[in-house]
Amino acid sequence: MRVPQIDLVRQYSELKPRIDEAVSEVLRSGQFIMGRWVSEIEERVAELCGAKYAIGVASGTDALKLALSACGLESGDEVITSPFSFVSVAEVAVVLGAKPVFVDIDEKTFNIDPGLIEAKITDRTRAIVPVHLYGQAADMDPILKIAKAHSIVVIEDAAQAIGAKYKNRPVGCLSDMACLSFYPTKNLGCYGDGGMVLTNDGELAERLRALRKHGQVGKYLYKFTGFNSRLDSIQAAILLAKIDHLESWNETRRKIARAYDEMLGELDVEIPHVADYAYHVYHQYTIKTPRRDGLRSFLSEKGIGTAIHYPLGLHLQEAYSSLGYRHGDLPKCEDVSRKVLSLPMFPEMKSDEIEYVVAAIKEFFANG
Ligand SMILES: *Cc1c(COP(=O)(O)O)cnc(C)c1O
């Protein structure tokens, strides 16, 4: 048997008639930029996440870039974020002339440790960007409290967590702004690049709308220096064809996670920890074991795909070496990056595939 880490074609095969019709409708309309599908998906996602405003943009990375830009980030400002994540937050902070400041994680939830944030705040700190990693919300209340005390903006990187909840509230409306990605592998993915910024603040929403089209506020009238970063009509139409399934896909991911939890529980691996405040949507099902590399090659020989999110902390990446971090500076991040392994996880996975993965992991540990 072969079990891929993710298989996007299965989902397309199930939805083919609807998706094909959605794409073809856009093609027939000639409205390729900012067609009605864009405002429709903005409304649907805003509603789903409990946010007042949603602004569709070209990618999750651009969502973060526009959000940071909208809060008036200036050269030399500092942005506090997690070192154990995809690169976007650090990247866009640097692109905007700011400096990423990494705060170590809680090794159980993999999310930024709120208890370590205060010590990193300076008079240049402008924003805190917690990431809801693998589909589990970061611990937002203490983060929001610190931010309020220091008048700092909070922007959620919710790229992996659409549909997740924190204390029964959906992520995406918990702070000043939240950023989503519709990269194809995300829990709600399109068939190209796409992203969205959510906010409850009307002024920020207006600025974000301007920023995504060159800072324009009227025909050829520019109020800000902006970007070209719109969500394509075709991608918006694809997302509209998919969004009604998101809740049931997330529920299925949770069921698969429960099955993994039960069957892996007695083995020598650490299964994902779910915080008591979290409704986890398992963008990834990520286990920890010191024997990660051996297990990974063993599974690969058995035809099982896995992934490592992430093998090297952002603070130790060559691109960010000028920030001056050294090995040992963020010990939790460095420790988990040697142990994490993401197992196959996608809603179309079948139960015999889950069992096959578990049996292979059992065999690996049984053979010492
Ligand atoms: C996917 C992802 C992004 C970037 O999204 P793109 O749409 O690929 O630009 C940012 N942050 C996190 C945590 C992600 O997983």
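Residues numbered from 1 in each chain as written. Predicted model: local features only at pLDDT ≥ 70, side-chain atom pairs only at ≥ 80, totals over all residues. Heavy atoms only, no water.

1. Quick word on the sheet that holds strand β7 (residues 169–170)
Taken in spatial order, the three strands of this open sheet run β7-β6-β12, and their pairing is antiparallel. Strand pairing shows two members of the sheet lacking a second neighbour, β7 and β12 (278–279), which therefore form its edges. As defined by bridge partners, strand β6 (residues 165–166) adjoins β7 across two bridges and the pair is classed as antiparallel. From the neighbouring strand, K165 faces β7, where its bridge partner is P170. (Pairing = 2+ DSSP bridges. Helix = DSSP H or I, 4+ residues; strand = E, 2+ residues; numbered from the N terminus.)

2. Observations concerning unusual backbone geometry
For the bond from H309 to Y310, the omega torsion is 10°, close enough to zero to count as cis. Phi at F110 is positive, roughly 70°, even though this residue is not glycine. Considering the arrangement of structural elements, one finds F110 in the loop between β3 (99–102) and β4 (125–129). A positive phi angle, close to 45°, is found at Y282, a residue other than glycine. Summarising the element assignment, Y282 is placed in the loop between β12 and β13 (285–288). Overall, the relative accessible area of 5% leaves Y282 in the buried class. (Buried < 20%, exposed > 50% of the residue type's maximum accessible area, 1.4 Å probe, protein only.)

3. Notes on the nonpolar core
I41, V45, I117, L180, F182, M196 and L198 are the most contacted members of the largest nonpolar core, which has 57 residues in total. For this core, the secondary structure elements donating two or more residues are α1 (8–29), α2 (36–49), α5 (140–149), β8 (177–181), β9 (195–199), α7 (233–242), α8 (246–264) and β12. Lining this core are residues from two domains, each supplying at least three of them: domain 1 (8–243) and domain 2 (245–366). The contacts of L198, once residues within four sequence positions are left out, are V45, A46, C49, A51, Y53, A54, G172, D176, M177, A178 and L180. (Core = buried A, V, L, I, M, F, W, Y, C linked by side-chain atoms within 4.5 Å. Domains from an automatic or database assignment. Contact = heavy atoms within 4.5 Å.)

4. Structural notes on the site of the ligand
Surveying the vicinity of the ligand reveals 14 residues, the closest of which are G60, T61, D157, S181 and K186. At a separation of 2.7 Å, an oxygen atom of the ligand approaches a polar backbone atom of G60. In the model, an oxygen atom of the ligand is placed 3.1 Å from a nitrogen or oxygen of the K186 side chain. Within the complex, 93% of the 380 Å² of free accessible area of the ligand lies under protein. (Near = heavy atom within 4 Å. Polar contact = N/O pair within 3.5 Å; in protein donor to acceptor, adjacent residues only side chain to side chain. Areas by Shrake-Rupley, 256 points an atom, 1.4 Å probe, with all protein chains shown as cover.)

5. Some points on the sheet that holds strand β2 (residues 78–81)
Pairing is mixed in the open sheet, where seven strands are placed in the order β1-β9-β8-β5-β4-β2-β3. In the strand order of this sheet, the two ends are held by β1 (53–57) and β3, each with one partner. On average, each strand axis in the sheet is tilted by 25° relative to the strand beside it, whichever way the strands run. As judged from the four bridges shared by β2 and β4, these two strands associate in the parallel manner. (Axes fitted to C-alpha atoms, helices over the stretch in contact; angles between N-to-C directions.)

6. Some remarks on the domain arrangement of the protein
What the domain assignment lists for the protein is domain 1 (8–243) and domain 2 (245–366). In this structure, domain 1 and domain 2 have C-alpha centres spaced 24 Å apart. On the domain 2 side, the residues contacting the 47 residues of domain 1 number 38 residues. Interface of domain 1 and domain 2: buried area, both sides summed, is about 3,900 Å²; carbon and sulfur atoms make up 61% of it. Looking at the side of domain 1 facing domain 2, the largest losses of area belong to R10, Y134 and N187, adding up to 19% of the total buried there. The salt bridge involving E353 is made with R10; its shortest N-O contact spans 2.8 Å. (Buried area = accessible area lost by both parts, 1.4 Å probe. Salt bridge = Lys/Arg side-chain N within 4 Å of Asp/Glu carboxyl O.)

7. Things to note about the packing of aromatic side chains
Taken as a whole and judged by the stated rule, the model has eleven aromatic pairs. Relative to Y310, the ring of F84 lies with its centre 6.1 Å away and its plane at 85°, an arrangement referred to as edge-to-face. One end of the pair, F84, is in the loop between β2 and α4 (88–95); the other, Y310, is in the loop between α9 (292–301) and α10 (331–337), and 226 residues separate them in sequence. (Phe/Tyr/Trp six-rings, centres within 6.5 Å; stacked < 30°, edge-to-face > 60°.)

8. Overview of the packing of α1 against α7
Running from N to C, α1 and α7 cross one another at 140°; their axes reach a closest spacing of 9 Å. Taken together, the axis directions place α1 and α7 in an arrangement best described as oblique. For the crossing formed where α1 meets α7, the hand is right-handed. Across from Q11, L15, R18, I19, A22, V23, V26 and L27 in α1, the residues of α7 making contact are S233, I234, A237, I238, L240, A241 and K242. When grouped by side-chain class, the residues that make up the contact of α1 with α7 number eleven nonpolar, two polar and two charged. (Parallel < 35°, antiparallel > 145°, perpendicular 65-115°, else oblique. Left-handed = near helix turned anticlockwise from the far one by under 90°. Nonpolar A, V, L, I, M, F, W, Y, C, P; charged D, E, K, R; others polar.)

9. Concerning the pattern of salt bridges
Counting across every chain of the model gives 18 salt bridges. Among the salt bridges present, the one from E21 reaches R28, with a minimum N-O distance of 3.1 Å. R28 gets classed as exposed once you look at its relative accessible area, which sits at 56%. Close ionic contact of E42 with R212 constitutes a salt bridge, the shortest N to O distance being 2.8 Å.

10. Quick look at a negative patch on the surface
A surface patch of like charges, here negative, comprises D176, D201, E203 and E206. Assignment of secondary structure puts E206 in helix α6 (residues 202–211). (Patch = residues over 30% accessible without salt bridge, like charges linked within 9 Å, V, L, I, M, F, W, Y side chains within 5 Å. Lys, Arg positive; Asp, Glu negative; His and termini not counted. Charge placed at Lys NZ, Arg CZ, Asp CG, Glu CD.)

11. Things to note about the packing of helix α3 (residues 60–70) against α4
Closest axis-to-axis distance for the α3/α4 pair is 9 Å, and the angle between their directions is 45°. Here α3 is positioned oblique relative to α4, judged by the angle of their axes. Seen from above, α3 lies across α4 with right-handed handedness. Together, T61, L64, K65 and L68 of α3 and S88, V89, E91, V92, A93 and V95 of α4 make up the contact between the two elements. A class-by-class count of the residues in the contact of α3 with α4 yields six nonpolar, two polar and two charged.

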